[in-house]
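What follows is each chain in one-letter form.
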Amino acid sequence: MFKKFSSLLTLIILFSTPLKAEVIKKIIIEGNNRISEETIKVYGEININEDYSETQVNQIINKLYSTNFFKKIDINLNNNTLKINLEEHPVISQLILIGEKNKSYEKEIKKLIRLKEKQSFVESFLTKDIETIKQLYSSLGYNFAKINAKVRNLDKTNIDLLISIDRGNKAKISSIDFTGNKKIRSKRLKEIIASEEDKFWKVLSKNTSLSQNLINLDQRLLVNYYKSIGFYDIKIKSNFAEINQSGNANLVYTIDEGNRFIIDKISTNVDKVYDKKIFFSLNDIFKKQIGEYYSPFKVKKLLEQIDILIEENDLQFVEHNVEEIVKDDTINIIFNIFEGERNLVERINITGNFVTNESVIRSELMLDEGDPLTEINLEKSISKIKARRLFKEVNYKVSNGSKNNLKIIDIDVEEQPTGEIGAGAGIGTSGGTIAFNIKENNWLGEGKTLAFNLELDEESLAGNLVFTNPNHNFLGNSLYYNLSSEKNDKPDQGYENSIISAGTGISFEQYKDVKVSLGLQASHDDLTTLDSASDSLKKQSGSFGEFAATYGFTNDKRNRAFMPTSGSVLSFNQSVPLYADKSFISNTLKISKYHSFNEDVVGSGKLFLSSINGLNDDDVRLSKRPGLSTKRLRGFERNKIGPVDGSDHIGGNYAAAVNFEANLPNLLPENTNTDFGLFLDFGNVWGVDYDDTIEDSNKIRSSTGIAMNWLSPIGPMSFVLAEDLAKADTDITESFTFNLGTTF
């Protein structure tokens, strides 16, 4: 027993004794042809007359390997001499891509892979680079690309790297199906996801090609949508793409919806270092959410209210998190508010932005060098950078700085294409429309947008060029400039005209959920009345110039901007002339309210009010007089209600509409891809200022009916069957309308 104990003690002493260290008096380096000895010493952090243990020698080896200059490294420390034998990696003389004719793809590949021309050929990188290239092609829809590499030796130290590419054909998405979605219709889910079924009219869409990136995005969108309406336990159990005989894919998502959860209780757990009374005002806000369906967006808004109180009370180093306790079909939410570590930001490094100016990224940060570092502000900063949609990936790392309480933040971004091009077309009982648009969201790498839009229908041709700086002077204000040209031919309203206009404006968030806009607009209107027009109408012919100031505000309290199910949005805009040949003041008020009656039925109520009045006894010219479209008042032709001069509907000084809508539960089988809705509309157009003899047509019109949306084999179609309930004798009704249209 004693012998065993002695042996064990000997081993412990042996392995706990520090390894012998030697002072380096001499350094011998062999095998380096292109890397100088001084460079090797710098990278290895090797110094004469310093003690080096075996552990430190191993660290030198690791540091030299990390340079990617060396294929093999042997180091021996003996008799105060450090001998380093090296075998360098060969250098890539040329990186040649064979089979890829698209220069932009070739440029992107060379940017993404780690092996570069005039740099070391590290063989272990090659396999990863081939996989990177395959992933790139997969993101572009080429899921079966074949990538092969060949090394051509030039001499002992130089090679050519040849990568052959056969990207094959794109796998298009023939169909998208969902299983397990008992509560939400497949048609609604198809509207949520980014992937699209390949149809002949989708000639410009990038989302009809199968790609793993799109599938991953689809899954995130589905989860976010389900959670936003209370399905807390939603799971996308699986997804798979079955390749059919044509080489295209049938995409299937299997969904486990789970139950819908209600918020039962909301409370705060405040650290004793803070005054709890600061957060008492939250209780009234919490009460409004209790009994509502759970949504992460609701939780996010409550966190924003907490952040407002933290900022108003100038609290430093505050952190918070959310604790969610599930019981049956209810959720208790606890907001933990506590003091975090008292760290400061020493430095922020930004990498990966080869195109985008660093100032664009820094302008979205909620902290700067010298500021207190909190996880809250750091996460918000990263979210704001992502929200710009300029980058494919945004990652960060926090490391120790020069002192214990100082931290260094490294933010790495991966850029992505920021240009957009689109087109759309529609045809229906109200005529046809063609639209084209092109947009760059990162103009000159400054995070600014430049967009051009062109729209043509049977009565007008309009073009618009808009330049926008979404973060003017890094204050979060959106500044825009626009230039537009429009030509209208409106025989049913008795005139034709051409308008050239230019303007500038700024918008900003004045209060929470309240945005304010201010602008200046100059325009020239050349208006000609038709020969068939009345004498009083012909007096409005001529050229008119104006320079007007505009302002407005929007209060948006919807639960989400896309397909809202609750909340409201209110907007008001006014235009006031600073100079005008025919001066006027115009006002527009819009209110929309949304409410979910159950999982299948969402109702909405909308109000529209518009007025325009001449100043200084000036009459409002024809091109400015408002009317009502078929979306505002169904059952009537566009702009065919209200005052009539001769045979021309001339619009009014006032227009108003009220709409009530509700979608219906599933009336037809799921595979018909059809939705139904009911509506009840009220509207009126009245007021004639240029001729007292014309009846102003002050009568409330109304209609009711059913609307149907069908995703047909030739494109999405909408049908409206309406019955007018009240009308004037001069109104022109339209009991049935349809529209076929899509974006390409």
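Here, the structure is the one placed above.
This write-up is about the structure you can find in this document. Note that this is a predicted model, so its numbers are computed, not measured.

About the cut-offs
Residues numbered from 1 in each chain as written. Predicted model: local features only at pLDDT ≥ 70, side-chain atom pairs only at ≥ 80, totals over all residues. Heavy atoms only, no water. Helix = DSSP H or I, 4+ residues; strand = E, 2+ residues; numbered from the N terminus. Rg over C-alpha atoms; globule rule 2.2 N^0.38 Å. Buried < 20%, exposed > 50% of the residue type's maximum accessible area, 1.4 Å probe, protein only. Contact = heavy atoms within 4.5 Å. Areas by Shrake-Rupley, 256 points an atom, 1.4 Å probe, with all protein chains shown as cover. Phe/Tyr/Trp six-rings, centres within 6.5 Å; stacked < 30°, edge-to-face > 60°. Pairing = 2+ DSSP bridges. Axes fitted to C-alpha atoms, helices over the stretch in contact; angles between N-to-C directions. 1 Å grid on protein atoms, 1.4 Å probe; cavity = no way out; pocket = protein on both sides within 12 Å on 5 of 7 lines; lining within 4 Å. Points joined across faces, edges and corners; volume = space filled by probe spheres on them. Nonpolar A, V, L, I, M, F, W, Y, C, P; charged D, E, K, R; others polar. Salt bridge = Lys/Arg side-chain N within 4 Å of Asp/Glu carboxyl O. Parallel < 35°, antiparallel > 145°, perpendicular 65-115°, else oblique. Expected span 1.5 Å × (residues − 1). Core = buried A, V, L, I, M, F, W, Y, C linked by side-chain atoms within 4.5 Å. Patch = residues over 30% accessible without salt bridge, like charges linked within 9 Å, V, L, I, M, F, W, Y side chains within 5 Å. Arc of directions from axis to C-beta.

## Re the overall build of the protein
No. 1: Helix and strand counts for the protein stand at twelve helices and 35 strands.
No. 2: Relative to the globule expectation of 27 Å for 744 residues, the C-alpha radius of gyration of the protein, 34 Å, shows a markedly less compact shape.
No. 3: Principal axes of the C-alpha set define a box for the protein whose edges measure 120 × 70 × 55 Å.
No. 4: Split into buried and exposed, the 744 residues of the protein put 41% on the buried side.
No. 5: Long-range pairs, those at least 24 residues apart, make up 58% of the contacts in the protein with a sequence separation of at least 6.
No. 6: Of the accessible surface of the protein, which amounts to about 40300 Å², a share of 52% is contributed by carbon and sulfur atoms.

## Quick notes on the packing of aromatic side chains
Two aromatic rings are characterised by how far apart their centres lie and by the angle between their planes.
No. 1: Overall, the coordinates contain 14 aromatic pairs when judged by the stated rule.
No. 2: A ring pair is formed by Y232 and Y294, whose centres lie 5.0 Å apart and whose planes are at 85°; its orientation type is edge-to-face. Within this pair, whereas Y232 is found in the loop between helix 7 (212–228) and strand 10 (235–243), its partner Y294 is found in the loop between helix 8 (282–289) and helix 9 (296–312), the two being separated by 62 residues in sequence. One exposure class covers both Y232 and Y294, and it is buried.
No. 3: With a centroid separation of 5.4 Å and 20° between ring planes, the pair formed by Y654 and W686 is classed as stacked. On the criterion of sequence distance, the pair formed by Y654 in strand 31 (residues 654–663) and W686 in strand 32 (residues 674–686) is long-range, its members being 32 residues apart.
No. 4: Among the residues examined, W686 registers a relative accessible area of 23% and is labelled partly exposed.

## A short note on the sheet that holds strand 7 (residues 146–153)
No. 1: On the basis of which strands lie adjacent, the open sheet formed by three strands has the order 6-8-7 and mixed pairing. Here the strands that pair on one side only, and so sit at the sheet edges, are strand 6 (91–98) and strand 7. The sheet shows a mean angle of 20° between the axes of neighbouring strands, taken without regard to direction.
No. 2: With eight bridges joining them, strand 7 and strand 8 (residues 158–166) adopt antiparallel strand pairing.

## Section: the layout of surface pockets
Rolling a probe over the atoms, with the probe sized like a water molecule, indicates the empty space that remains.
No. 1: For the second largest pocket, the calculated volume is near 890 Å³.
No. 2: Lining of the second largest pocket is provided by 31 residues; of these, Q289, K298, K557, S566 and G567 occupy positions nearest its centre.
No. 3: When contributions to the lining of the second largest pocket are tallied by element, the ones reaching two or more residues are helix 8, helix 9, strand 26 (567–580) and strand 27 (584–596).
No. 4: Among the residues making up the lining of the second largest pocket, the classes are represented as eight nonpolar, 13 polar and ten charged.

## Topic: the pairing of strand 31
Looking along a regular strand, one sees side chains alternate from face to face of the sheet.
No. 1: When strand 28 (residues 602–614) meets strand 31, the two strands line up antiparallel, connected through nine bridges. Residue pairing for strand 31: G603 is matched across the bridge by A662.
No. 2: By the bridge criterion, ten bridges tie strand 31 to strand 32 in an arrangement that is antiparallel. In the strand pairing of strand 32, A657 is matched with G683.

## Remarks on the pattern of salt bridges
No. 1: Under the defined criterion, the tally for this structure stands at 31 salt bridges.
No. 2: R634 serves as the salt-bridge partner of D681, at 2.8 Å between the closest nitrogen and oxygen. Of the two residues, D681 sits in strand 32 while R634 sits in the loop between strand 28 and strand 29 (644–645), which places them 47 residues apart along the sequence. Of the two residues, D681 and R634, neither departs from the other in class, the shared state being buried.
No. 3: Each of R185, K187, R188, E191 and D675 takes part in salt bridges that share partners, so that together they form one network.

## So, the packing of helix 8 against helix 9
Two numbers describe a pair of packed helices, the interaxial angle and the distance between the axes.
No. 1: It is at 11 Å that the axes of helix 8 and helix 9 come closest, and there the two elements cross at 175°. It follows from the interaxial angle that helix 8 and helix 9 lie roughly antiparallel. Residue-level inspection shows L282, I285, F286 and Q289 of helix 8 in contact with helix 9, the latter providing K298, L302, Q305, I306 and L309.
No. 2: Looking at the contact of helix 8 with helix 9, its residues break down into six nonpolar, two polar and one charged.

## Some words on the sheet that holds strand 13 (residues 318–327)
The strands making up a sheet associate through hydrogen bonds between their backbones, and the pairing can be parallel or antiparallel.
No. 1: Here three strands make up an open sheet; going across it, the order is 12-14-13 and the pairing mixed. The two strands at the open ends of the sheet, each matched to only one other strand, are strand 12 (262–270) and strand 13. Strand-to-strand twist in this sheet, taken as the mean axis angle between neighbours without regard to direction, amounts to 20°.
No. 2: Where strand 12 and strand 14 (residues 330–339) come together, eight bridges link them in parallel fashion. Note on strand 14: the bridge partner recorded for I266 is I333.
No. 3: Along the sheet, helix 8 contacts strand 12 and strand 14; its crossing angle with strand 12, the most-contacted strand, is approximately 160°.

## A closer look at helix 5 (residues 123–139)
Within an α-helix, residues lying three or four positions from one another point in the same direction, as the helix has 3.6 residues per turn.
No. 1: Here helix 5 spans 25 Å end to end across 17 residues, near enough to the 24 Å set by a 1.5 Å rise per residue.
No. 2: Those residues of helix 5 that sit buried are F125, L126, D129, I130, I133, L136, Y137 and S138.
No. 3: Against the buried residues of helix 5 lie helix 4 (103–112), strand 7, strand 8 and helix 7.
No. 4: One or two positions beyond helix 5, positive phi appears at G141, with a value near 100°.

## Here we look at the nonpolar core
No. 1: Of all hydrophobic cores here, the largest spans 23 residues; its most connected members are I266, F279, Y294, I306, L315, I333 and F335.
No. 2: Sorting the residues of this core by element identifies strand 12, helix 8, helix 9 and strand 14 as the ones contributing at least two each.
No. 3: Counting residues per element, this core draws most heavily on helix 9, which supplies six residues.
No. 4: Aside from chain neighbours lying at most four places away, what touches I266 is F286, Q289, I290, L302, I333 and F335.

## What about a nonpolar patch on the surface?
No. 1: Taken together, I421, I434, F436, I438, F452, L454, L456, L461, L465, L483 and I500 make up a surface patch of nonpolar side chains, about 940 Å² in accessible area.
No. 2: Of all the secondary structure elements, the ones that give two or more residues to the nonpolar patch are strand 19 (431–443), strand 20 (448–457) and strand 21 (460–472).

## What to know about helix 4
No. 1: Restricting attention to buried positions, one finds in helix 4 the residues Y105, E106 and I109. For helix 4, the arc enclosing every buried residue in end-on projection is 100°, short of the 170-degree limit, so these residues lie on one face. Among the exposed residues of helix 4, those oriented more than 90 degrees off its buried face are K103 and K107.
No. 2: Packed against the buried residues of helix 4 are strand 6, helix 5 and strand 8.

## Concerning empty space enclosed by the protein
No. 1: Across all of its chains, the model carries one cavity of 30 Å³ or more by this definition.
No. 2: One number sums up the size of the largest cavity: a volume of about 40 Å³.
No. 3: Along the walls of the largest cavity sit K582, S583, F584, I612, D619, V620, R621 and K624, which together make up its complete lining.
No. 4: Considering only residue class, the lining of the largest cavity consists of three nonpolar, one polar and four charged.

## Looking at unusual backbone geometry
No. 1: Of note in this structure, F317 is not a glycine but carries a positive phi near 60°.
No. 2: Within the fold, F317 resides in the loop between helix 9 and strand 13.
No. 3: The phi torsion at D328 lies on the positive side, around 55°, for a residue other than glycine.
No. 4: Note that D328 resides in the loop between strand 13 and strand 14.

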